[in-house]
Amino acid sequence: MGIGVPGQAGGGRRRRRGGRAAAMHEINITPMVDVMLVLLIIFMVAAPMLTVGVPVELPKTAAAALPTEQEEPLTVTVTADGRLAIQTTEIADAELLPKLTAIAAERKSKKIFLRADGAIPYERVAQVMGALNAGGFNEIGLVTDGEGPRFGSGAASNTGNGGG
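About the thresholds
- Residues numbered from 1 in each chain as written.
- Predicted model: local features only at pLDDT ≥ 70, side-chain atom pairs only at ≥ 80, totals over all residues.
- Heavy atoms only, no water.
- Pairing = 2+ DSSP bridges.
- Helix = DSSP H or I, 4+ residues; strand = E, 2+ residues; numbered from the N terminus.
- Axes fitted to C-alpha atoms, helices over the stretch in contact; angles between N-to-C directions.
- Contact = heavy atoms within 4.5 Å.
- Buried < 20%, exposed > 50% of the residue type's maximum accessible area, 1.4 Å probe, protein only.
- Arc of directions from axis to C-beta.
- Salt bridge = Lys/Arg side-chain N within 4 Å of Asp/Glu carboxyl O.

Caption draft 1: Representation of the sheet that holds strand S4 (residues 112–116) in the model. In space, the 5 strands of this open sheet follow the order S3-S2-S1-S4-S5, with mixed pairing throughout. At either end of the open sheet lies a strand with only one pairing partner, and these are strand S3 (89–91) and strand S5 (140–143). On average, each strand axis in the sheet is inclined to that of its neighbour by 30 degrees, with strand direction left out of account. Two elements, strand S2 (residues 84–86) and S3, share 3 bridges in a ladder whose sense is antiparallel. Each residue of the ladder has a partner; that of isoleucine 86, found in S3, is threonine 89. Here helix H2 (residues 96–104) sits on the sheet in contact with strand S1 (74–78), S2, S3 and S4, set at roughly 10 degrees to S2. Across the face of the sheet, helix H3 (residues 122–134) comes into contact with S1, S2, S4 and S5 while running at roughly 165 degrees to S4.

Okay, here's the thing in C-alpha cells:
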C-alpha cells in the first residue's frame, strides 16, 4: 500500500472502483511563492518612504555623504519657520537639551544630524548648533542635498554677480 511514482514499474496511479482517480498527494507551492514575491516588492518600494521626517527644503551642497551607522541617526530639524523637532516630534526651544540628553543616554552613538531648511537665516542654525555644543553634543553633522554647486571645478560660478 505504498505511494508510487508515476512512470516507474509497479508504481503508477491506482484506480479505485467506480472509475475515479486517486487523490493527488502533492503540494503546489507556486501560489505561495507568487504572494511572497509580491509582498517582497511592496516592502522594497514602501521602505524608503517610511524614513521621511519633518519636511524641509535642505540647502544644496557638493559635500559627500557620511558613512552609515548601525542605529538610526538622532536628527534635530529646524523648519522653515524656525521651529525645532527631534526626529519627527516638534518641541519647544527650552525642551531641546533635556530631551536630547535623555535620548542620548540610551544610545551608543553621540552623533546628531542637524537638518535645517535652506530658507531660514544662518543665525538660527548657528544658535541651535551653539546650544547643542553647550549641551555636550560635539559630533554634529549638517544634512544637505548633494546637487549643489561645485566651486573651483571649472563649472559656472553661482556667486550672483553676473549682471544681465
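Don't stop here, the text continues.
Caption draft 2: Up close: H2. Those residues of H2 that fall on the buried side of the exposure criterion are Leu96, Leu100 and Ala104. One side of H2 carries all its buried residues, which in axial view fall inside an arc of 45 degrees. As for H2, its buried residues are in contact with S1, S2, S3, S4 and H3.

Caption draft 3: Quick look at the pattern of salt bridges. Under the criterion given, the structure shown has 4 salt bridges. Arginine 83 is paired through a salt bridge with glutamate 90; the nearest N and O atoms lie 2.7 Å apart. Owing to a relative accessible area of 38%, arginine 83 belongs among the partly exposed residues under this scheme. Here glutamate 90 falls in the partly exposed class, since its relative accessible area comes to 48%. Here lysine 99 and glutamate 95 are joined by a salt bridge, their closest N and O atoms 4.0 Å apart. Using a relative accessible area of 38% as the deciding quantity, one classes lysine 99 as partly exposed. Glutamate 95 sits in the partly exposed class, given a relative accessible area of 35%. Taken together, the shared-partner salt bridges connect Asp81, Arg83 and Glu90 into one network.

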